[in-house]
Amino acid sequence: MGRSQVVPRGGSGEFGPHADDTGCTVLHVDMDAFYASVEIRRRPELRGKAVIVGGAGPRGVVSAASYEARKFGVHSAMPGARAKRLCPHAVFLPPDFTAYTEASRAVMAIFRDVTPLVEPLSLDEAFLDVAGALKLLGRPVEIAALIRRRVAGEQRLTCSVGVAGTKFLAKLGSTRAKPDGMVVVPRARELEYLHPLPVEALWGVGERTAETLARLGLKTIGDLSSAPLGLLRSAVGDAAAHHLHELSWARDPRRVIPEQIEKSIGAETTFDVDVSDLSIIRRTMLALSGKVAERLRHAGQAGRTVSVKIRLADFQTLSRSRTVDVPTDVAREIFQLGWALFQAARPGERIRLIGVRVEGLLHADGTPRQMTLGERDHGWRDAERAADAVAARFGRGLVKPASLLRGDGLRTDANGSAPRGEGTIEPPARHNGGA
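Basis of the calculations
- Residues numbered from 1 in each chain as written.
- Predicted model: local features only at pLDDT ≥ 70, side-chain atom pairs only at ≥ 80, totals over all residues.
- Heavy atoms only, no water.
- Pairing = 2+ DSSP bridges.
- Helix = DSSP H or I, 4+ residues; strand = E, 2+ residues; numbered from the N terminus.
- Axes fitted to C-alpha atoms, helices over the stretch in contact; angles between N-to-C directions.
- Contact = heavy atoms within 4.5 Å.
- Salt bridge = Lys/Arg side-chain N within 4 Å of Asp/Glu carboxyl O.
- Buried < 20%, exposed > 50% of the residue type's maximum accessible area, 1.4 Å probe, protein only.
- pLDDT = per-residue confidence, 0-100.
- Expected span 1.5 Å × (residues − 1).
- Arc of directions from axis to C-beta.
- Polar contact = N/O pair within 3.5 Å; in protein donor to acceptor, adjacent residues only side chain to side chain.
- Phe/Tyr/Trp six-rings, centres within 6.5 Å; stacked < 30°, edge-to-face > 60°.
- Lys NZ or Arg CZ within 6 Å of the ring centre and 35° of its normal.

A. Seen up close, the sheet that holds strand β4 (residues 91-93). Overall, mixed pairing links the 3 strands, which are arranged β3-β2-β4 in an open sheet. Edge positions in the open sheet fall to β3 (62-65) and β4, since each of these has one partner strand only. Pairwise comparison of adjacent strand axes, ignoring direction, gives a mean angle of 25° for this sheet. Relative to β3, strand β2 (residues 51-54) runs antiparallel, the two sharing 3 bridges. In the sheet register, V53 faces β3, and the bridge partner there is A64. Together, β2, β3 and β4 form the strand contacts of helix α2 (residues 34-42), whose direction differs from that of β2 by roughly 115°.

So this is what it looks like as structure tokens:
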């Protein structure tokens, strides 16, 4: 069970916007049901309906669900088939990570207008240190309210904000504030806020650790805070015991570190039925390479290492990669390298999942290009950038390789640092489509 399921909701009352925010200069801003909200923004007729982003097939996975769908028990990372049973009237939409990335950039730009100290955790959430903005913009709660107004007014999206003195408490606050609210954890009342919560609300406590602690009679954070450190060490080990003990006393010295660098960009898909037909696998890899290249160009990045991920029917996973001298953001080049890696792997069995990823990212501007003797002045890069321009004006899917015109039928599946995300740009953090 994740923290979002165990932290009590509601941002009103004694920990609401009118609480004492003195010294609470760390904000955690979390977009509400981000992927689903972006889809609803461009399809207003879906507002108020149960919307699920992800596949409904036998191997589909839920990336995000609107709050109307969550009332039926649907949540991210749930198998799509189960979500369909729980909420049969829901509207299922395929994920569009290019749209989510564009929306994320716009939201992060609002954050950076407030403070340069912005630490993105994923496309839909970030920590902000607003200590340097107090003289210009006012108290932390006023800054949080400003951010919420701008996100709503400029992006037609909602977000929830936790205001606290530490990253850990700010994150718990934003979870409790959902949806579309604000929670303040006053410095003088941190333990009063923290200790009644279940131990699962602590970072690092999953289902198994919670069961171990429960056998010791430690069910709340307050229980854990008063437990002898030796008892914790015997239960969860030295490092985890120290980590949990410190958090239980609201001690979190981590600072907001701006600009997490993207490490890789990739996409993958799980077939509804295991496949061995090389023509299907080839078309799938071509489509995935196109998705990756488009995301690279949108991010202004190019990469030197292309890797493929192959999951067989028996769940054995193979990975192969190749590094080249010149970075690329061209789908044709990514596909040629990826297909060669697939052929060299010679899996020879039915394939459950295939993925393509580009690593070793660099800024595309100023990246040297390898010229080939006899190469045309306008090649594949120019053609793909022209396709980007067409997509930006008229919508995606109008221009694609001829071999994909029969319909690739792809569904990109969870693929994260986090998902935790789906065919995503991966900062070193989770990516789950918004809580």
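B. Examining the pattern of salt bridges more closely. This model, assessed by the stated rule, comprises 20 salt bridges. Measuring nitrogen to oxygen at the nearest pair gives 2.7 Å for the salt bridge that ties R189 to E192. What makes E192 partly exposed here is its relative accessible area of 43%. Where salt bridges share partners, they join E39, R42, R43 and D96 into one cluster.

C. Region of the structure containing the confidence of the model for the protein. On average, residues of the protein score 83 in pLDDT, and 80% of them reach the 70 mark or higher. Model confidence for the protein, summarised as mean pLDDT per element, is weakest for strand β13 (residues 425-426) at 32 and strongest for strand β1 (residues 26-31) at 98. Low pLDDT, under 50, characterises residues 370-378; the predicted model gives this stretch 3 contacts beyond four residues in sequence or across chains. Taken as a whole, residues 407-432 scores under 50 in pLDDT and shows 107 contacts with residues more than four places along the chain or in a different chain.

D. Representation of the sheet that holds strand β5 (residues 118-122) in the model. Reading across the sheet, the 5 strands line up as β5-β6-β1-β7-β8 and stay open at both edges, with mixed pairing between neighbours. Looking along the sheet, the strands with just one partner apiece sit at the ends: β5 and β8 (182-184). Strand-to-strand twist of the sheet, defined as the mean angle between neighbouring strand axes without regard to direction, takes the value 15°. Bridge count for strand β7 (residues 159-164) against β8 is 3 bridges, and the pairing is parallel. Looking across to β8, one finds that G162 is bridged to V183. Across the sheet, helix α5 (residues 97-114) lies against β1, β5 and β6 (125-129), angled at about 155° from β5, the strand it touches most.

E. Main features of helix α7 (residues 140-155). The end-to-end C-alpha distance of α7 is 22 Å, a good match for the 22 Å that 16 residues give at a rise of 1.5 Å each. When we look at burial in α7, the residues that qualify are P140, V141, I143, A144, I147, V151 and Q155. The arc that holds every buried residue of α7, seen down its axis, measures 165°, which confines them to one face. Opposite the buried face of α7, at more than 90 degrees from it, the exposed residues are R149 and G153. Of the residues trailing α7, R156 is marked for its positive phi of about 55°.

F. Representation of the environment of S289 within the structure. Along the chain, S289 falls in helix α14 (residues 278-299). Judged by its relative accessible area of 1%, S289 falls in the buried class. The spacing of S289 and V358 is 69 residues in sequence and 9.3 Å in space, taken between C-alpha atoms. With sequence-adjacent residues up to four places away left out, S289 is seen in contact with A331, I334, F335 and V356. Within the local environment of S289, its side chain forms a polar contact with the backbone oxygen of M285, the two atoms lying 2.8 Å apart.

G. Broad picture of the environment of P258. Note that P258 resides in the loop between α13 (238-248) and β9 (264-275). Once residues within four sequence positions are removed from consideration, P258 is found in contact with P116, L117, V118 and E119.

H. Representation of the pairing of strand β12 (residues 351-363) in the model. Sheet topology note: the β9/β12 ladder contains 8 bridges and is antiparallel. Bridge pairing links I265 to V358 in β12. Pairing geometry for strand β10 (residues 301-312) and β12, over 11 bridges, is antiparallel. The residue bridging T305 from the neighbouring strand is E359, located in β12.

I. Region of interest: the packing of aromatic side chains. Under the counting rule described, the total for this entry stands at 8 aromatic pairs. For the ring pair F168 and W203, a centre distance of 5.3 Å and an interplane angle of 65° mean the geometry is edge-to-face. Of the two residues, F168 is situated in helix α8 (residues 167-177) and W203 in the loop between α9 (190-194) and α10 (207-215); the sequence distance between them amounts to 35 residues. Of the residues examined, F168 reaches a relative accessible area of 1% and is grouped as buried. Between the aromatic rings of F335 and W339, the centroid separation amounts to 6.3 Å while the plane-to-plane angle is 20°, which identifies the pairing as stacked. Remark: W339 and F335 occur in helix α15 (residues 331-345); sequence separation between them is 4 residues, near one turn of the helix. Each of the two residues, F335 as well as W339, counts as buried. The side chain of R70 reaches across the aromatic face of Y67, ending 4.6 Å from its centre. Residue placement shows R189 over the ring face of F15; its charged tip is 4.8 Å from the ring centre.

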